[in-house]
Amino acid sequence: AREEGKRKGKIEGKREGKIEGKIEGKIEGKIEGKIEIAKNMLQKEMDLSLIKEITGLSEEEINQLK
């Protein structure tokens, strides 16, 4: 019974790890996309308030991209 419990625990742990990894990857991808858009907008000398509104990034985050 103990070995079966260990096996089930490992399987469950792997499944949870995969789910967490996918979620983290999606979040990272969204952030990278927002940063890329902000960089493009900065190159076109667009207004900071517009960049903030469109990307959802903070003024501090945008200034770090300059």
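Residues numbered from 1 in each chain as written. Predicted model: local features only at pLDDT ≥ 70, side-chain atom pairs only at ≥ 80, totals over all residues. Heavy atoms only, no water.

Another point: a nonpolar patch on the surface. Among the surface-exposed residues, Ile-19, Ile-23, Ile-27 and Ile-31 lie close enough to one another that they form a single nonpolar patch of about 360 Å² accessible area. Topologically, Ile-19 is positioned in helix H1 (residues 2–43). The partly exposed category is assigned to Ile-19, whose relative accessible area is 45%. (Patch = residues over 30% accessible without salt bridge, like charges linked within 9 Å, V, L, I, M, F, W, Y side chains within 5 Å. Areas by Shrake-Rupley, 256 points an atom, 1.4 Å probe, with all protein chains shown as cover. Salt bridge = Lys/Arg side-chain N within 4 Å of Asp/Glu carboxyl O. Helix = DSSP H or I, 4+ residues; strand = E, 2+ residues; numbered from the N terminus. Buried < 20%, exposed > 50% of the residue type's maximum accessible area, 1.4 Å probe, protein only.)

The next point concerns the pattern of salt bridges. Under the definition given, this model contains 4 salt bridges. Salt-bridge contacts for Glu-4 lead to Lys-8; the nearest nitrogen and oxygen are separated by 3.1 Å. Of this pair, Glu-4 and Lys-8 are both found in helix H1, 4 residues apart, which corresponds to roughly one turn of the helix. The partner of Arg-15 in a salt bridge is Glu-12, with the nearest N and O atoms 2.9 Å apart. Placement of both Arg-15 and Glu-12 in helix H1 is noted, with a separation of 3 residues, approximately one turn of the helix. Judged by its relative accessible area of 48%, Arg-15 falls in the partly exposed class.

The next subject is the nonpolar core. The biggest cluster of nonpolar side chains holds 5 residues, and these are Ala-38, Met-41, Ile-51, Leu-57 and Ile-62. Apart from the residues within four sequence positions on either side, Ile-62 is in contact with Leu-42, Leu-48, Ile-51, Lys-52, Thr-55 and Leu-57. (Core = buried A, V, L, I, M, F, W, Y, C linked by side-chain atoms within 4.5 Å. Contact = heavy atoms within 4.5 Å.)

Glancing now at the confidence of the model for the protein chain. Across the protein chain, the average pLDDT comes to 94, with 100% of residues at or above 70. Looking at the elements of the protein chain, mean pLDDT is at its lowest for H1, recorded as 93, and at its highest for helix H2 (residues 48–55), recorded as 97. (pLDDT = per-residue confidence, 0-100.)

A few words now on the side chain of Thr-55. Looking at the secondary structure, you find Thr-55 in helix H2. Engagement of the side chain of Thr-55 in a polar contact is seen with the backbone oxygen of Ile-51, the distance being 2.7 Å. In this structure the side chain of Thr-55 is engaged in a polar contact, spanning 3.1 Å, whose partner is the backbone nitrogen of Leu-57. When neighbours within four sequence positions are excluded, Thr-55 is seen to be in contact with Lys-34, Ile-37, Ala-38, Met-41 and Ile-62. (Polar contact = N/O pair within 3.5 Å; in protein donor to acceptor, adjacent residues only side chain to side chain.)

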